[in-house]
Amino acid sequence: EVAAHQRHFSRALRELEFARALDDSEAEIHALLGRIYLRRGMLEESAGAVRRALARDPHHKDAMLCRAQIALRRDDPAFAATCALDALARDISRAEGHYYLGLALRRLGRGAEALQAFEVCASRNPGLAAPYRHMGYICAEQLRDPVRATEYRQRGKPIVRSRR
């Protein structure tokens, strides 16, 4: 898990595959494998790992969120929204759940609802810039409100600058 957080994905993958060989019953191992496979663009492997995680623990929040990400990558925003809502039903405080819900709703053309999801995401994790970028796009493209679009983009800029 430490290797994954430090973005050493090759090492994390090796360690998790070794851990899975030792104990295949842990949902957490499969959920982490799903996330690593997804980060490496290995959608089928990621989906398989997530299925195994959810088979071992049907309420595993990280696996549910990974399933939402996979659905977004597969251009299935309706299923992604369902997955994000399932994860949020287990833990409403997870910023990622609100983020993936916002992405799905945006793709479904439900801008006002997506905006709400991104607002909650930003309030749960103020260090994220991406929700502000998406809120700016929604206001500009779907809600036709350029003033609000600019306001959201301006709110995200200091976050991006602070990372440099």
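Notes on the structure in this doc start here.

**Section: the pattern of salt bridges**
As a working rule, side chains carrying opposite charge can pair if their charged atoms are close by. Taken as a whole and assessed by the stated rule, the structure comprises 9 salt bridges. Across the salt bridge formed by K61 and D91, the nearest N and O atoms sit 3.8 Å from each other. Of the two residues, K61 sits in helix α5 (residues 61-73) while D91 sits in the loop between α6 (77-90) and α7 (95-107), which places them 30 residues apart along the sequence. Since its relative accessible area comes to 30%, K61 is described here as partly exposed. Between R67 and D86 there is a salt bridge, with the nearest N and O atoms lying 3.5 Å from each other. You can see R67 sitting in helix α5 and its partner D86 sitting in helix α6, a full 19 residues away along the chain.

**Some words on the packing of aromatic side chains**
Here the structure, examined in full by the defined rule, presents 2 aromatic pairs. Ring geometry for Y99 against Y100: centres 5.6 Å apart, planes inclined by 70°, an arrangement best described as edge-to-face. You can call Y100 buried: its relative accessible area is 12%. With centroids separated by 5.7 Å and ring planes inclined at 65°, the aromatic side chains of Y99 and F118 adopt a geometry described as edge-to-face. Placement of the pair is Y99 in helix α7 and F118 in helix α8 (residues 111-124), with a sequence separation of 19 residues. For Y99, a relative accessible area of 17% translates into the label buried. One aromatic cluster is present, built from ring pairs that chain together Y99, Y100 and F118.

**Things to note about the packing of α5 against α6**
What describes two packed helices is the angle between their axes and the distance between those same axes. Interaxial distance between α5 and α6 falls to 8 Å at its minimum, and their mutual angle equals 165°. Here α5 is positioned roughly antiparallel relative to α6, judged by the angle of their axes. When the axes of α5 and α6 are compared, the crossing they make is left-handed. Together, K61, M64, L65, R67, A68, A71 and L72 of α5 and F79, A80, C83, A84, D86, A87 and R90 of α6 make up the contact between the two elements. Residues belonging to the contact of α5 with α6 are distributed by class as follows: 10 nonpolar, no polar and 4 charged.

**Description of unusual backbone geometry**
Despite not being glycine, D75 shows a phi value in the positive range, around 60°. The residue R144 is not glycine, and still its phi comes out positive at about 55°. Checked against the element boundaries, R144 lands in the loop between α9 (130-142) and α10 (146-162). In this structure R144 comes out as exposed when scored by relative accessible area, which is 64%.

**Notes on the side chain of S46**
With respect to the helices, strands and loops of the structure, S46 is situated in helix α4 (residues 43-56). Look at S46 and you get buried, because its relative accessible area is 0%. Of note is the side chain of S46, whose polar atom sits 2.7 Å from the backbone oxygen of G34. In contact with S46, other than residues within four places in its own chain, are G34, Y37, L38, C66 and I70.

Criteria and thresholds
- Residues numbered from 1 in each chain as written.
- Predicted model: local features only at pLDDT ≥ 70, side-chain atom pairs only at ≥ 80, totals over all residues.
- Heavy atoms only, no water.
- Salt bridge = Lys/Arg side-chain N within 4 Å of Asp/Glu carboxyl O.
- Helix = DSSP H or I, 4+ residues; strand = E, 2+ residues; numbered from the N terminus.
- Buried < 20%, exposed > 50% of the residue type's maximum accessible area, 1.4 Å probe, protein only.
- Phe/Tyr/Trp six-rings, centres within 6.5 Å; stacked < 30°, edge-to-face > 60°.
- Axes fitted to C-alpha atoms, helices over the stretch in contact; angles between N-to-C directions.
- Parallel < 35°, antiparallel > 145°, perpendicular 65-115°, else oblique.
- Left-handed = near helix turned anticlockwise from the far one by under 90°.
- Contact = heavy atoms within 4.5 Å.
- Nonpolar A, V, L, I, M, F, W, Y, C, P; charged D, E, K, R; others polar.
- Polar contact = N/O pair within 3.5 Å; in protein donor to acceptor, adjacent residues only side chain to side chain.

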